[in-house]
Amino acid sequence: MVADGVGKRFGETVVLQSIDLAIEPGEVIALLGPSGCGKTTLLRMIAGLSGPTSGRIAIGSDIVADAASGRQVPPEKRSIGMVFQDYALWPHMTVAGNVAFPLEMKRVPAAERKARVADALSLVGLEAYGERPPATLSGGQQQRVALARAIVSRPSVVLFDEPLSNLDRELREQLVVDIAALIRSLGLTGIYVTHDHAEAFAMADRVAVMANGRLIQVAPPEELVAAPANADVAAFLKLGLLLPSEKNGSSVVLETGGERLNAPHGFAGADGPGHLFVPRRALALTEPEAGLLHGTAVHAMFRGEDYTTRIRLSNGLDLDLAGPTRLADGARVGITFPFDAATWFPAPTRP
Ligand SMILES: Nc1ncnc2c1ncn2[C@@H]1O[C@H](COP(=O)(O)OP(=O)(O)OP(=O)(O)O)[C@@H](O)[C@H]1O
């Protein structure tokens, strides 16, 4: 699937700017971003449920949408399967009837249809449920039916629109693994929309982080965590501490609280306002006099193996840090980190 300069406007409102995204066959991409950033809009255009106002979309070798020529291939003629948040099963059909539907649309002969439906239901662990009406199944089982329906015709791309958000946490954690294993074992290409970064990390080969109708970083999960492209990505993924500050040469002064950090080797990046980013794994609690930053313990929570303490920094930010001891509420603490683990993100200069 290739999106080439894809944009979407509703009247005067620009919802997607100019999206360039190429997904390899067999690859799973998560579209991740806060509510309203345009994830569903992009997915609906790939599905053919709406058309781009600029750019074009290809699935395999077919151009399925092209704003310039007005070409818009309808959803049923695109090689796609879809799994929606609300399952979207037809209540008047049996489970097997639902799964068979995409094959009926393609006029697959009855005997082959039956075998393929049985195969798809067994892949999702529901071989015994074919004759039941969907309403008699649990939410998790209904979503498995929707998954079987999405893969039964072996489409070029399977599109997922927040498929697990109606399910409780335990079920979500189970299904995310099952879905990931299934799409990988079948070698399917997947686009998975979510606002949950744990789900995106569990599912995807690469994660496309979106904000305000733009793609801001497309990278494997490990790379996003190790090297977020900017302060927005680090903030959205909650990767650590983002300190609003002013940089002047090798020193960084925190915007509020006035603490000054003198980095022995300085930080790369332009002087002026911005954020100092310190990844969570680099942060450690220490005595107040040994701390680069200072704060007060708000409350320590026992987490089974260690304690997570919420610390209110002198600039008012809250930070949760794990440690082996229960700190008293109100205790003064220091926070330290190796300077070479920190990154300076200058404030963006927006036109
Ligand atoms: N038909 C429409 N007319 C006008 N604005 C729309 C229309 N559809 C979507 N939008 C706007 O486009 C923006 C992006 O919406 P979209 O549903 O793609 O976001 P999202 O990232 O999927 O959010 P969520 O996670 O809440 O579903 C929103 O500001 C929304 O209000």
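Only a predicted model underlies this, so the values are computations on that prediction, with no experimental measurement involved.

**What to know about the overall build of the chain**
Inference 1: When helices and strands are counted, the chain shows eight helices and 21 strands.
Inference 2: Expressed as lengths along the three principal axes of its C-alpha atoms, the size of the chain is roughly 75 × 50 × 30 Å.
Inference 3: The burial tally for the chain puts 46% of its 351 residues in the buried class.
Inference 4: Look at the contacts in the chain between residues 6 or more apart in sequence, and 65% of them connect residues 24 or more apart.
Inference 5: Just so you have it, the chain exposes about 16,800 Å², and 51% of that area is on carbon and sulfur atoms.
Inference 6: Side chains of the chain carry 33 positive and 38 negative charges; the gap between the two charge centres is 6 Å.

**A closer look at the side chain of Asn98**
Inference 1: One can find Asn98 in helix H2 (residues 95-105).
Inference 2: Residue Asn98 is classed as buried on the basis of its relative accessible area, which comes to 0%.
Inference 3: Looking at Asn98, its side chain comes within polar contact range of the main-chain nitrogen of Trp90, at 2.7 Å.
Inference 4: If we ignore the near neighbours within four places in the chain, the residues touching Asn98 are Leu89, Trp90, Met93, Pro134, Val145 and Arg149.

**So, the pairing of strand E17 (residues 293-302)**
Inference 1: Where E17 meets strand E20 (residues 332-336), four bridges bridge the pair, whose relative direction is antiparallel. Paired with Gly295 across the bridge in E20 is Val333.
Inference 2: Here seven bridges tie E17 to strand E18 (residues 307-313), and the two strands are oriented antiparallel to one another. Each residue of the ladder has a partner; that of Gly295, found in E18, is Leu313.
Inference 3: Connecting E17 to the antiparallel partner E18 that follows it, the hairpin turn spans four residues, and Gly304 within it adopts a positive phi of roughly 95 degrees.

**Focus: the domain arrangement of the chain**
Inference 1: Annotation of the chain at the domain level lists domain 1 (2-226) and domain 2 (239-346).
Inference 2: Distance between the C-alpha centres of domain 1 and domain 2: 40 Å.

**Re the site of the ligand**
Inference 1: Lining the immediate environment of the ligand, one finds Phe10, Val15, Pro34, Ser35, Gly36, Cys37, Gly38, Lys39, Thr40, Thr41 and Glu162.
Inference 2: In this structure, an oxygen atom belonging to the ligand sits 3.1 Å away from a main-chain N or O atom of Cys37.
Inference 3: Contacts to the ligand include Gly38, whose backbone N or O atom sits 3.0 Å from an oxygen atom.
Inference 4: When isolated, the ligand has an accessible area of 640 Å², and the protein chains bury 54% of it.
Inference 5: Counting residues per element, the shell around the ligand draws most heavily on helix H1 (residues 39-47), which supplies three residues.
Inference 6: Taken together, the residues of the shell around the ligand sort by class into four nonpolar, five polar and two charged.

**Overview of the nonpolar core**
Inference 1: One finds Val99, Leu147, Phe160, Ile179 and Met203 to be the most contacted residues of the largest nonpolar core, which totals 36 residues.
Inference 2: Broken down by secondary-structure element, the contributors of at least two residues to this core are H2, helix H3 (110-123), helix H4 (139-151), strand E8 (157-161) and helix H5 (169-185).
Inference 3: Excluding residues within four positions of it along the chain, Val99 makes contact with Val117, Ala120, Leu121, Val145, Ala148, Arg149 and Val152.
Inference 4: If you look at the next biggest cluster of nonpolar residues, it comprises 28 residues, including Ile29, Cys37, Leu42 and Val73.

**Focus on the packing of aromatic side chains**
Inference 1: Counted by the stated rule, this structure contains six aromatic pairs.
Inference 2: Relative to Phe101, the ring of Trp90 has its centre 4.5 Å away and its plane inclined at 50 degrees; by these criteria the two rings are tilted. Remark: Phe101 occurs in helix H2 and Trp90 occurs in the loop between strand E7 (80-83) and H2; sequence separation between them is 11 residues.
Inference 3: Under the relative-accessibility criterion, Trp90 is labelled partly exposed at 29%.
Inference 4: Aromatic pair Phe337 and Phe339: ring centres 5.6 Å apart, planes at 70 degrees, arrangement edge-to-face.
Inference 5: By relative accessible area, Phe337 is classed as buried at 5%.
Inference 6: Taken together, the ring pairs in this structure connect Phe267, Phe337 and Phe339 into an aromatic cluster.
Inference 7: Lying across the ring of Trp90, Arg149 places its NZ or CZ 4.7 Å from the centre.

What counts as what
Residues numbered from 1 in each chain as written. Predicted model: local features only at pLDDT ≥ 70, side-chain atom pairs only at ≥ 80, totals over all residues. Heavy atoms only, no water. Helix = DSSP H or I, 4+ residues; strand = E, 2+ residues; numbered from the N terminus. Buried < 20%, exposed > 50% of the residue type's maximum accessible area, 1.4 Å probe, protein only. Contact = heavy atoms within 4.5 Å. Areas by Shrake-Rupley, 256 points an atom, 1.4 Å probe, with all protein chains shown as cover. Lys, Arg positive; Asp, Glu negative; His and termini not counted. Charge placed at Lys NZ, Arg CZ, Asp CG, Glu CD. Polar contact = N/O pair within 3.5 Å; in protein donor to acceptor, adjacent residues only side chain to side chain. Pairing = 2+ DSSP bridges. Domains from an automatic or database assignment. Near = heavy atom within 4 Å. Nonpolar A, V, L, I, M, F, W, Y, C, P; charged D, E, K, R; others polar. Core = buried A, V, L, I, M, F, W, Y, C linked by side-chain atoms within 4.5 Å. Phe/Tyr/Trp six-rings, centres within 6.5 Å; stacked < 30°, edge-to-face > 60°. Lys NZ or Arg CZ within 6 Å of the ring centre and 35° of its normal.

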